[in-house]
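Here are the chains, one letter per residue:
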Amino acid sequence: MNPIGAALGVVLAATFVGSIAAIKNVHDPERPWGDVLRSRFVYGVPWGTVLVLAFVLAFYLFVQDGISQFSDPVSIPYRAYSYYYPLGMLSASFAHASAGHLLSNVFGAAVVAPIAEYAWGHYPNGRDSREHDTNGHDSNTPDERSSRTLWRTPWVRAVVIFPLAVIALGIVTSLLALGPVIGFSGIVFAFAGFAIVRYPIPTILAVLGGQTVLMTTYDALSTPIGLYVPQASPATAPSWANVAIQGHALGFFAGFVLAAVLCKRRQYRPNPLYLWIAVLFFAFEQGLWKIYWYGDQNSFYLFQGPGIAIVTGLALIVTLAITAPDRPALPASIRERFARSADAKRDIRAEARTDRILELAGSSRSSTRDAIERVETMARGVGPSRSKSFAAISERRVAFLVIVAVVALIAGPAIPTNLFVISGETGSEDASISVADYTIEYVDGAENEIVGVVDVGAFGQDTSVESSGVIVSSEKRHLWQESITAQQLAFTGEETVSVGGPGWRETVRAERTGWTPTGSDPVYQIWLSEDEGDEQLAFTSESSQADVRVDDRTITVDTDGEAFVLEVARTDADGDPIGTSTVDVPERNETVRAGGIEFEREEGAIYAKTDGTVVQVASEEKYSRTR
């Protein structure tokens, strides 16, 4: 950190500490802040959150090799590609694709995880309960302490149970997440879903403002004074198309269901209005309404209207699942109808059993008295029917069952996707690079093998989705990923992709070179190379003809092996070629001739000259090499 950043850090720290001290001086709560924290945390510290975030940071730095290249970790082997790839399934929830991805999730967890941990509590009944005195010491007798389960031991709950529960939930969310997900955000949403039930208003305030405060402060410390100028950017997918909405929703509802079970055990119900407002604001702020699907060639469908309707309805259902009364959901008239129907069916069953018993009694020549006693015993054993119990189901239970059904609907589509398997060769030996079990190649209009697993056919479109760009695949890991899009490489001209695994990494560089005929599509080549290795031609586009004619001749840019060439074709009156000649694209400031036309290259442009006429026929592709 530079001196300006260090000085700013001191100023910011002093400002925050001073602000807290000033607010504490004017705020007179019923209980001191420290006592409030110590009432549910050991020494007032959310140890579980600290350990979980330390684990996520350590995974990024040492497993993903973020310690050597903080902004470019090894992320490809740690995505949840398939049930047949355990490493990805077990690690996806704790790995991240970039430094920004990591910091966003860590800061998000830092503001909501402590609230969730506080709601659960290291002291289940509070530190001031019969188990602990006001100083936090165990007030039970030796016999009571010896019989107490580990589940209720504060330190065990803080440093063992809470972190293990988070890790288990992370594995479950990666197993049921749709597509090759990566990142801790599913767990962050689970923290929010859990915390929002017990403390709706503090949680939504933390979500709306806390993460922004931390991210902005971090940016200010890392770049105290920045110079920004307008610059072009490559064509990229919409921001929401890079977000695992299904994984976020799955995490949120998982946390909510766990909180609902805890509230039922502790017989607690939050304020319905506060909970409804918090859930609705959270769903809109975090974009849970942004339901989308893939179109062809990096296009996407956003179901904005249906998404908003769904989250608005779910906000109400979520609130009712926690706060609705325990009265029957069905009106009294319908319940009575169910009861009469159940009584009639019960009478018919009892009569049939009576006839059967009398028949058995007669056949065995038992006395009539014994037979009647057996009938009465059987009749008394007939209980209420399921229909009657179904009619008495409460409003809260109905809403909770709806939430359980929603969770099933969210998780269900992930199962066929996560059964994805690659079979056969993953790339051509001549046009790809192999690094261990990875194959890196460039494709143009190839079917996206992962998206094609789920057959949806939105709007009657073909369910197959085509992808173009640098593809990383591995039959061993059952992965197929579009790591660099064609648009991105066309903009920057050069990109890198890192592959590897625990303990190793290799970087592959992709480079694009090309020429654009005047008024026509570009002609380009894609070259791939490993670290300090020779470049290999991986892809060559089709030829393209310039939209100009020089002396009744057409000029086409094409490739011949590794070289770009100019093809001059003379045409007859009908425009049909009657003779062609080809020459390599000239070097800088050089001149070549073909088909009676002189071609000169100046400052990245090629000009055709004949009989005093000068026409630009092609230009070299220019890139914004930001790396």
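So, a few notes on the structure that sits alongside this text. (Residues numbered from 1 in each chain as written. Predicted model: local features only at pLDDT ≥ 70, side-chain atom pairs only at ≥ 80, totals over all residues. Heavy atoms only, no water.)

1. What to know about the side chain of Thr 559
Among the structural elements, Thr 559 can be located in strand S12 (residues 553-560). You can call Thr 559 buried: its relative accessible area is 18%. (Helix = DSSP H or I, 4+ residues; strand = E, 2+ residues; numbered from the N terminus. Buried < 20%, exposed > 50% of the residue type's maximum accessible area, 1.4 Å probe, protein only.)

2. Structural notes on the sheet that holds strand S4 (residues 438-447)
Read from one edge of the open sheet, four strands run S3-S4-S5-S6, paired in antiparallel fashion. For this open sheet the edge positions go to strand S3 (432-435) and strand S6 (479-485), each flanked by a neighbour on one side alone. Between one strand axis and the next, the sheet turns by 35° as a mean value, whatever way the strands run. The pairing of strand S5 (residues 466-474) with S6 spans six bridges and is classified as antiparallel. Across the sheet, the residue bridging to Ser 473 is Trp 480, located in S6. (Pairing = 2+ DSSP bridges. Axes fitted to C-alpha atoms, helices over the stretch in contact; angles between N-to-C directions.)

3. Describing the packing of aromatic side chains
Scanning the model with the defined rule gives 20 aromatic pairs in all. Ring geometry for Phe 55 versus Phe 94: centroids 5.4 Å apart, planes at 75°, classification edge-to-face. Taken together, the residues Phe 55 in helix H3 (residues 47-63) and Phe 94 in the loop between helix H4 (86-91) and helix H5 (99-120) connect sequence positions 39 residues apart. Here Phe 55 falls in the partly exposed class, since its relative accessible area comes to 36%. (Phe/Tyr/Trp six-rings, centres within 6.5 Å; stacked < 30°, edge-to-face > 60°.)

4. Quick word on a nonpolar patch on the surface
Taken together, the side chains of Ile 201, Leu 205, Leu 273, Tyr 274, Trp 276, Leu 316 and Leu 320 present a nonpolar region at the surface, about 640 Å² in accessible area. Those elements that provide at least two residues to the nonpolar patch are helix H9 (200-222), helix H11 (272-285) and helix H12 (304-323). Considering every element that reaches the nonpolar patch, the biggest residue donor is H11, with three residues. Inspection of the secondary structure puts Leu 320 in helix H12. (Patch = residues over 30% accessible without salt bridge, like charges linked within 9 Å, V, L, I, M, F, W, Y side chains within 5 Å. Areas by Shrake-Rupley, 256 points an atom, 1.4 Å probe, with all protein chains shown as cover. Salt bridge = Lys/Arg side-chain N within 4 Å of Asp/Glu carboxyl O.)

5. Comments concerning the pattern of salt bridges
One pass over the full model with this rule turns up twelve salt bridges. Between Asp 65 and Arg 505 there is a salt bridge, with the nearest N and O atoms lying 3.0 Å from each other. Taken as a pair, Asp 65 in the loop between H3 and H4 and Arg 505 in strand S8 (residues 504-517) lie far apart in primary sequence, 440 residues in all. For Arg 505, a relative accessible area of 16% translates into the label buried. For Glu 621, the salt bridge identified is with Arg 512, shortest N-O distance 2.7 Å. Of the two residues, Glu 621 sits in the segment after strand S18 (613-620) while Arg 512 sits in strand S8, which places them 109 residues apart along the sequence. Exposure remark for Glu 621: the relative accessible area of 14% places this residue in the buried category. Through salt bridges with shared partners, a single network forms among Glu 494, Arg 509, Glu 511 and Glu 535.

6. Concerning the pairing of strand S17 (residues 605-610)
The side chains of a regular strand alternate, residue by residue, between the two faces of the sheet. Across five bridges, strand S16 (residues 597-602) lies against S17 in antiparallel orientation. Looking across to S17, one finds that Arg 601 is bridged to Ile 606. Between S16 and S17, which pair antiparallel one after the other, the connecting turn spans two residues, and Glu 603 there sits at a positive phi close to 50°. Relative to S18, S17 is paired through six bridges, and the arrangement is antiparallel. Note that in S18 the partner of Ile 606 across the bridge is Ala 618. The antiparallel pairing of S17 with S18 creates a hairpin that spans two residues between the two strands, and Asp 611 there sits at a positive phi of about 50°.

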